[in-house]
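For reference, the chains in residue letters:
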Amino acid sequence: ALPIFIVVCSGGMLCVNGERHFSDTAFLLAGLATVFRSFKCVWQHELLLQIPLLRVVAWSSIWCLCTLTPVALKVEGLEFVYRLRAADAHTQGAAALSAITAAILNVAQCCALREMGPLVQTVTGNLQLIMVVALACAWLNEAVTTWQWVGVVMLAAGATRGGHGRCRSEERRVGKEGR
């Protein structure tokens with residue numbers, strides 16, 4: 001598993017190589033977000049072995065709402081509500097569709113987590129970088145270096161090779177059910 005981990009991490013670093021402008025604070029926050037997202041993935045998987053899927057989704061969503069709402073209100077106030085009310089029907093529809101899609105994807109993520117386990121789901125989630133690189137080329141006409149394409153190939157290879165087999169908690173659950 002360690003060689004696959006190295007391939008995936010190296011591929012991810014090559015994909016984002018070339019970004020010349022960044023702040024240390026943004027880098028720190030992005031790193032912390034990654035660490036805590038990984039913790040969340042592992043903890044949710046453990047919970048999903050004991051608690052129904054929709055209950056886990058509801059509880060994690062409630063805490064996100066409770067922690068983000070005060071920060072959003074302090075930073076932006078109610079400006080987003082006023083602007084959404086004043087927006088045209090197309091924009092309001094896009095905002096509603098975005099919220100519905102986010103809820104569906106949250107449930108789908110938990111289903112995938114329950115079925116795949118935290119390691120495979122996290123490695124597969126790294127494929128997002130491949131989509132970012134492809135869309136940046138196609139839509140934004142960004143130049144992608146050869147090394148970034150090498151990173152894309154490494155990510156894809158690592159994601160397809162990584163995580164074959166069950167994790168320990170899944171083996172424990174299956175072992176208990178089989179007794």
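Preceding block: the structure.
What you see is a predicted model; the values in this text were computed from it and never measured.

Visitor: What should I look at first to understand a nonpolar patch on the surface in this one?
Guide: Side chains of Leu28, Leu29, Leu32, Val35, Phe36, Phe39, Val42 and Trp43 sit close together on the surface and give an oily, nonpolar patch of about 800 Å² of accessible area. In this fold, Trp43 is placed in helix H2 (residues 24-48). The exposed category is assigned to Trp43, whose relative accessible area is 55%.

Visitor: Is there a simple way to think about the pattern of salt bridges in this case?
Guide: Side-chain pairs of opposite charge can arise whenever the charged atoms involved come near each other. What the rule picks out here adds up to two salt bridges. Close ionic contact of Arg114 with Glu115 constitutes a salt bridge, the shortest N to O distance being 3.7 Å. Using a relative accessible area of 62% as the deciding quantity, one classes Glu115 as exposed.

Visitor: Please explain the packing of aromatic side chains as it appears in this structure.
Guide: Any pair of aromatic rings gets described here by the distance separating the centres and the angle formed by the planes. As enumerated under the stated definition, the model contains two aromatic pairs in all. Measuring from centroid to centroid gives 6.1 Å for Phe36 and Phe39, while their planes differ by 55 degrees, and the two rings are tilted. Here Phe36 and its partner Phe39 are both found in helix H2, three residues apart, which amounts to about one turn of the helix. What makes Phe36 exposed here is its relative accessible area of 52%. Phe39 gets classed as partly exposed once you look at its relative accessible area, which sits at 37%.

Visitor: For this particular structure, what's the right way to read the nonpolar core?
Guide: General note: in soluble globular proteins, nonpolar side chains tend to be found buried as a group. Cys41, Leu48, Leu53, Val56, Val57, Cys110 and Leu113 together form the largest nonpolar core, which totals seven residues. Of all elements in the fold, only H2, helix H3 (53-76) and helix H5 (89-116) reach the threshold of two or more residues within this core. Ranked by residue count, the leading element in this core is H3, at three residues. Apart from the residues lying within four places of it in its own chain, the contact partners of Cys110 are Gln44, Leu48, Leu53, Val56 and Val57.

About the cut-offs
- Residues numbered from 1 in each chain as written.
- Predicted model: local features only at pLDDT ≥ 70, side-chain atom pairs only at ≥ 80, totals over all residues.
- Heavy atoms only, no water.
- Patch = residues over 30% accessible without salt bridge, like charges linked within 9 Å, V, L, I, M, F, W, Y side chains within 5 Å.
- Areas by Shrake-Rupley, 256 points an atom, 1.4 Å probe, with all protein chains shown as cover.
- Salt bridge = Lys/Arg side-chain N within 4 Å of Asp/Glu carboxyl O.
- Helix = DSSP H or I, 4+ residues; strand = E, 2+ residues; numbered from the N terminus.
- Buried < 20%, exposed > 50% of the residue type's maximum accessible area, 1.4 Å probe, protein only.
- Phe/Tyr/Trp six-rings, centres within 6.5 Å; stacked < 30°, edge-to-face > 60°.
- Core = buried A, V, L, I, M, F, W, Y, C linked by side-chain atoms within 4.5 Å.
- Contact = heavy atoms within 4.5 Å.

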